[in-house]
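Reading the structure
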Amino acid sequence: MPAERAGYTVTMFLVDVSPSMGKMRQVSVSGKDGTTSDTIEMTNLEWSLQYVMLKIQEMIFNGRKTDKCGVILFGSEETNNIINDENGGYEHVSEYIPIAQPNATTLAKLQALEPSTVTGDPIDALIVAIETQDRFLNKKRTWTRKIYLLTDGENPIELEDWEATAKKMNSLDIQLAVIGVDFDDDSLKEEDKSKIKRANETFYHTLVSKLDHGAVGNCDYVLQEVSRPDVREVKSTLSGTVLRIGDTDNRPKEAIEIMVKTSKCTALARPKSFKKFARRRRTAAADEEAAKDKMDVDGDEDKTTFAQLRMRSEYYLEEDKAGSVKPEGSVAGSVNGDADGADGQDKRLVKVEKEELVRGYKYGASFVPAPEDDFARLPTRKGMDICGFFPQKNFRRELAMGEVYYVWADPASPMQQVALSSIVQAMNDGEVAAIARWVKTDKGDPRMGVLWPSVFDDIDCFLWVQMPFADDVRNFPFASLEMLINKKGEVVKEHPYLPTNEQMDAMERFVDAMDLMDAGEKDEDGNRQPWFDTRLSYNPAIHRTKQALFHAAVVQDLNTHPLPPPHEELTNYFEPPRRVLKRARAAIEECKRVFNVREVPKKVARVRKDEHVRAHDEDEDMLLLDRQSNRAGPSQSQRATQSGAFTQTQKTSPTRAQKKPAVNDSDSSETEPEPDEEEEELLLNSGARKPERAAPPLPTPARSMSPDSRIDRNRAPGRIVGFTYPLRDFKKNIERGDVVTKAVEDLAFVIKEVIVRPFSPRRFDEMIECMHELRKVCLEEDEIDAWNIFVRELKHTCLETEPGNEQFWEKVRGIGRPLSFISQPEAAKAGGKSAITESEAQKFIQD
Amino acid sequence: MAPYDDWNKTEDDEEEEMQDASLFEGKHDVILFCIDCSPSMLQMREDERYEDTKTCNLMISLEASMQIMKRKVLVGPNDAVGIMLFNTTRRNESGQAGADIKKGTFVYQPIATIDAPKVMELVQLLDEARESPDMLKETFPPMTDARVPIGDVFTSCNWVMRDGAPKTATKRIFFITDEDNPHPGASGTRLITSARTTLIDLMQAGVTVEPFFISTDEKPFDPTKFYASVLLPTNITDLDDVTDDGPAPILPESISITRMEELLAQMRFHEVPKRALFSVPFTLAPGFTIGIKGYGLITEQKKGTYRYFADRGDKVEPVVSRTAYVDEDRDAEVDKTEILYGMDLGAPSGDAEDEEEAKELEVGTRTVALGSKVFYTAEDVRNFRTLGLEPGLKLLGFKDRSELAFEDNVKHSIFIYPDEMSFSGSKRTFTALLRTMIKKKKIAIVLALTRRNASPIFCAMLPQAEKVDESGWREPPGFHLIPLPFADDIRAAPVLKGFRASDELKEAAAKWINKLKVKNGSYPPDSYPNPALAYHNAQLEASAFREDFDPEAFEDLTLPKHDMMHKRAGQLMHEWKEVLLEDETANVIAAPTAGRKRKADTEEAAIDEDEIRRLHDKGQLHKLRVEDLKHFLKSKSEPVSGKKGELIQRVEDWLDAHPRV
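Now for a description of the structure that goes with this document.

Moving on to the overall build of chain B. Assigned secondary structure in chain B consists of 18 helices and 24 strands. Taking all 661 residues of chain B together, 55% fall into the buried category. Partitioning the intrachain contacts of chain B with sequence separation of at least 6 by distance along the chain shows that 70% fall at a separation of at least 24. As displayed, chain B has an accessible area near 29500 Å², and 49% of this comes from carbon and sulfur atoms.

Attention now goes to a negative patch on the surface. Side chains of E158, E160, D161 and E163 of chain A sit close together on the surface and give a patch of like negative charge. Summarising the element assignment, E160 of chain A is placed in the loop between strand 6 (144–151) and helix 5 (162–172).

Our focus in this paragraph is the sheet that holds strand 16 (residues 366–369) of chain A. The strand order 16(A)-15(A)-11(B)-12(B) describes an open sheet built from 4 strands, whose pairing is antiparallel. Each edge of the open sheet is held by one strand with a lone partner, namely strand 16 of chain A together with strand 12 (316–318) of chain B. Looking at each pair of strands side by side, their axes are set apart by 50 degrees on average, direction ignored. By the bridge criterion, 4 bridges tie strand 15 (residues 357–363) of chain A to strand 11 (residues 307–311) of chain B in an arrangement that is antiparallel. Within strand 11 of chain B, the position partnered with L357 of chain A by the bridge is A310 of chain B. Packing against the sheet, helix 13 (residues 531–544) of chain B makes contact with strand 15 and strand 16 of chain A, and its axis sits at approximately 100 degrees to strand 15 of chain A.

As a further point, take the packing of helix 20 (residues 726–736) of chain A against helix 22 (residues 764–780) of chain A. All names here are of chain A. Interhelical geometry of helix 20 versus helix 22 gives an angle of 15 degrees and a closest axis separation of 10 Å. On the basis of the axis angle, helix 20 is roughly parallel to helix 22. Helix-helix and strand crossings are classified by hand; for helix 20 and helix 22 the assignment is left-handed. Here P726, L727, F730, K731 and I734 of helix 20 come into contact with helix 22, specifically with E766, M767, E769, C770, E773, L774 and V777. Its residues placed into classes, the contact of helix 20 with helix 22 shows 8 nonpolar, no polar and 4 charged.

A separate point is the interface of chain A and chain B. Between chain A and chain B, the contact holds 265 residues from the first and 282 residues from the second. Approximately 25700 Å² of surface area, both sides summed, lies buried where chain A meets chain B, with 60% of it carried by carbon and sulfur atoms. Counting every contact that joins chain A to chain B gives 14 salt bridges. A salt bridge links R251 of chain A to D563 of chain B; the shortest N-O distance between them is 2.8 Å. For the interface between chain A and chain B, the tally reads 84 residue pairs in polar contact (both at pLDDT 80 or more). Here the residues of the side of chain A that touches chain B sort into 141 nonpolar, 55 polar and 69 charged. Relative to strand 19 (residues 423–424) of chain B, strand 24 (residues 598–599) of chain A runs antiparallel, the two sharing 2 bridges. Bridging across to strand 19 of chain B, E599 of chain A finds its partner in F423 of chain B.

Each value, and the rule that gives it
Residues numbered from 1 in each chain as written. Chains lettered and ligands numbered in written order. Predicted model: local features only at pLDDT ≥ 70, side-chain atom pairs only at ≥ 80, totals over all residues. Heavy atoms only, no water. Helix = DSSP H or I, 4+ residues; strand = E, 2+ residues; numbered from the N terminus. Buried < 20%, exposed > 50% of the residue type's maximum accessible area, 1.4 Å probe, protein only. Contact = heavy atoms within 4.5 Å. Areas by Shrake-Rupley, 256 points an atom, 1.4 Å probe, with all protein chains shown as cover. Patch = residues over 30% accessible without salt bridge, like charges linked within 9 Å, V, L, I, M, F, W, Y side chains within 5 Å. Salt bridge = Lys/Arg side-chain N within 4 Å of Asp/Glu carboxyl O. Lys, Arg positive; Asp, Glu negative; His and termini not counted. Charge placed at Lys NZ, Arg CZ, Asp CG, Glu CD. Pairing = 2+ DSSP bridges. Axes fitted to C-alpha atoms, helices over the stretch in contact; angles between N-to-C directions. Parallel < 35°, antiparallel > 145°, perpendicular 65-115°, else oblique. Left-handed = near helix turned anticlockwise from the far one by under 90°. Nonpolar A, V, L, I, M, F, W, Y, C, P; charged D, E, K, R; others polar. Buried area = accessible area lost by both parts, 1.4 Å probe. Polar contact = N/O pair within 3.5 Å; in protein donor to acceptor, adjacent residues only side chain to side chain.

Right, here's the structure in full:
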């Protein structure tokens, strides 16, 4: 198909709302953590509408006035279309959304669609759509006309005169796509489908074969395709400049000047940004208004409104409590870049209006007023100057700083093309590169870079990349890895830091085995190609973000309709190719053995008792920082999982935590902070080694408050999962493999116990995390019944016993489906069984 | 070095991936120059640089400190500096900063954010010292009978730091002395122990000591006499391990033993504190993981941005800015924790029939059933960016070095060095990998998520062998992590066809290229200080010192060396031009259009340059139409904006600057 003109399109969506579209189906979505998958139930109508909505969302997103769409239903209860108005007939076809530029309301309307009780004829709908579209476009012949027909093909079609319709479509140059629910395609053949559906499918294929632009697609496939990463090919604009060699001003006879155009060769693409929203609180005025509105809009109080937020900058002066501004430069850091400085306790912020401010620069603590038009700029002249040439082999690839540019000779001038070509070819033959200084506009800041000759099939050009100035290079000192010198000044030949011959051999085999040069697909001649191609590597953040943005815009509730998993193309290169890993297995095992790398447990700085001056310790700041991030939410759980994953790596040295006196003992008993992660780790360590010493002298009073803290890791008698670190204990036991049932039972016990204890809200997040892990393990290890019994009991414990914990159940409910029963479809996927249906599972968690 | 892992912090800023530079700006850097003031440091001698002037080690040290201050103030306007002298009998007066520090030490400038008066004070002191050689000796009388115990010096440093340095800053002491054995004799051992203990105290306060030992031919500096037993490796794994019978203790990385003249150069090496951008695990294969740290060795140094100040009559104060998010309709500020993320709702459609509905659907709001979730939390958003990955590097495999093309570049590289502190055995594994990859001429392809709020990228890992030159380790051993472009970042070539040169012309070009080639050259970053940045900073500095800025005195070192170029290759370049003018292909009239040409360009044959020159000679350029003028200017890459008069002026300027060949 020739390149389409963006916009200037009218798209008609024909949606089958016949009763058969109300059939339920299982749809897989991504699980809570974004990597595993889950299933949810929805009607075929809901499911196929997702496609329509994603298409429309794309139009909204692009925001073109010339990109319009309309929606026509068939199988609708009522009849409402232009042909029926004029000539009658065409029953149960209705124009649901008139042709217009779509907006959020369009989506809301689509979401409201329900299957009807009558059936409608798709060919009738098609004819109505063609007519409606044609009348709307009237004389605009240049516009693109598209029609999407969504159906399950379960209802009879009036097969009369369809050839005429096809002819008409061809004459109007209409593109038709039939999207069928569970239609057969190359990858999928469904055996037990109804006769009528089979016949209809055949018909649709015949129909599109008669069209110039027509296709039949399977709904599942097209839905995947919308999330496929598409790279919009951007052709960069050419901007003109001059390539100079020599002094063109004073020695024009010798100096060379070539008219060139530059364009980007690589350009960093960024994910679309999210807009910020917040739930709007009801104000008294709004309540009143809502009360008034109640007359016409029912149930308005059950709604929540979210408002888009705008950014506002405010400026403040810092003052001491006493009211006087701090004297300049008295204490370092008094001039602070941001307002959230932690040391602002005895300071007062005074708001100032932007209009009262003057612009200036800081020279340390001194103020330097900016001149009216800022400081004078370096006088420079637009153009690219070659400063010299050097051999390509001396080019230091790691110094390249940014995006790469093409430099073309003026495409309109053969003279310039030939001139540039001769230089490119001469440089290419001589294997040299050039140092070139580029000023983009007059008075622009110069940038230094390297020009690299590039010879294509039909054209020669340069590539230019920016290189660092002296100011941009940091020469940090790094210790030698090969030359170790001891305190006596001698070179050390053997040391744990230096690899042995055995280790070198193992590494060599590893590098050979992990080679990617023959790990890709085969080419036409059957030779294996290298694996990994930048042209096929999609930026996962960009495409996942876009998918998420679109999805949230088209669904009514993310709890019931979570985001589908990312398209597989996005994570293509996330793991080494299987072939390679298989080939390298032995080498990997050997490396693991001979290198014997071990994770070092994190340290907490020791506090010396005899210290007369106790200087402020940076680690204390870290505690503060960490606590902040805990509040922010995600990091703690993520970190916990991460460190959990490392528990199998043996810790190398006992830490000094045991000896360590409690940090800030007095304050902490008051505030009972969440223990810092590092301390937790230490705690675990010491606990494992010297259980009897673990509890009392530790710097984490929060958890040792619980009654049986003195017992080893706080385990109830006969339990293998303790109260203190249930998740860690659990994972450890699961790794052992032979105590799964017991571990599952015990973790379930711990969760139920913990939530009814006083102060349990502090551990809500941790317990939720335990539940996620427990459910995952139950599903994987065929302990499905154990989970289902557990959640039922948990709900009971929370809601129907004393003291109970409704708050906690609210939290579980908030997470919803991922923590509900394990249903039969889910279990089947993991190769297990469950007596619970999907809808039961949905209902259980929502009630 | 940052004592904890930077990546472990969750950044507040979810919206935009943080720029590398801001990591540095966020932290203040504090340097305390701690300079020996003993008689040998004050010994006056001829200055090698200037005739008829005398200098001494102390003077050079102070001068170097002043230079570092001047540089730092531009790079990090929030950085703080102080100067302390030891082995002097001068005392700080009571009530003054430093009054209570140990005897024999003296605070010349307490730690404070660098400002103009402070730099000026030092400049004046140095000027006076140059005028009268005894001035320094009188101002800072040296202790002649004994030396201050080094332990006392460290303790004083600790107190000075404590009084002046903000908690979160990177704190360093630049320790300058020329005495390699300050405590000979019987009491030596005891003083070593006390120096060590006080140094450990300093380290625990988060302060690093960077020694600069001055060595001369007459008085070579031998660190093993005293300092080897005092100084600690900066990456100590355990303070208790640093005993004499530990497993072959290794000297600290950062000892600089230098000649006095190189002091400034050595200090500049350490000017920016070595801070890791990230510290993450590097998974070579499942279950085979080492620790690494990443350093930004190449980071674009930008001009400082202007700030807002409030004029309070008597003085000008900087203001702090704060960004708030507000619901504009309600004029209500929203707490950061309550912010949710979603799609721009867009403007309501302008179509007439929708107007009513648009009104109902308030602009900029979305209303849904109670309890429904239609927006994402900050964590969700971060998960979309990371795809659930944890920070770390993951090896995907190896490729030939030649697979890394010139154009596979989008941003600067990051240097990777092993981190023994997080995984023991990292160094040997890293070294083995590095050696093997260099030997086999391989690069590695890795998947990298460097920080929790970044997004995953693919990188090529380029090995760099360790190379030594006289001044120390010039090229450090390690890998350069080069971010590869995604398919999304790659732009197609907009021009596909062009005329090509004949062999004759190519050879003519090769001749002058050869003359302009530096045989063993490469791109030399050190030769090119950023001229625009220097120009800006020179004006800023002049303004801060209330001096005049002289643009004439400014030299742009990035300009091509025209004289040398013409001398070497001028004739050959001229010959190449003549071949070009004769070239057949070059003189084809109708250019093959490369596909993307506007109608206006092709519709009519453009008036050629000769014709325009002829009109110009006759002074009849005004006879040309605006299109013709524009067309001509465009072909010369000149701007085509403005009225006809301006266009004519521009054409004339160009023709005057480019006389007929």
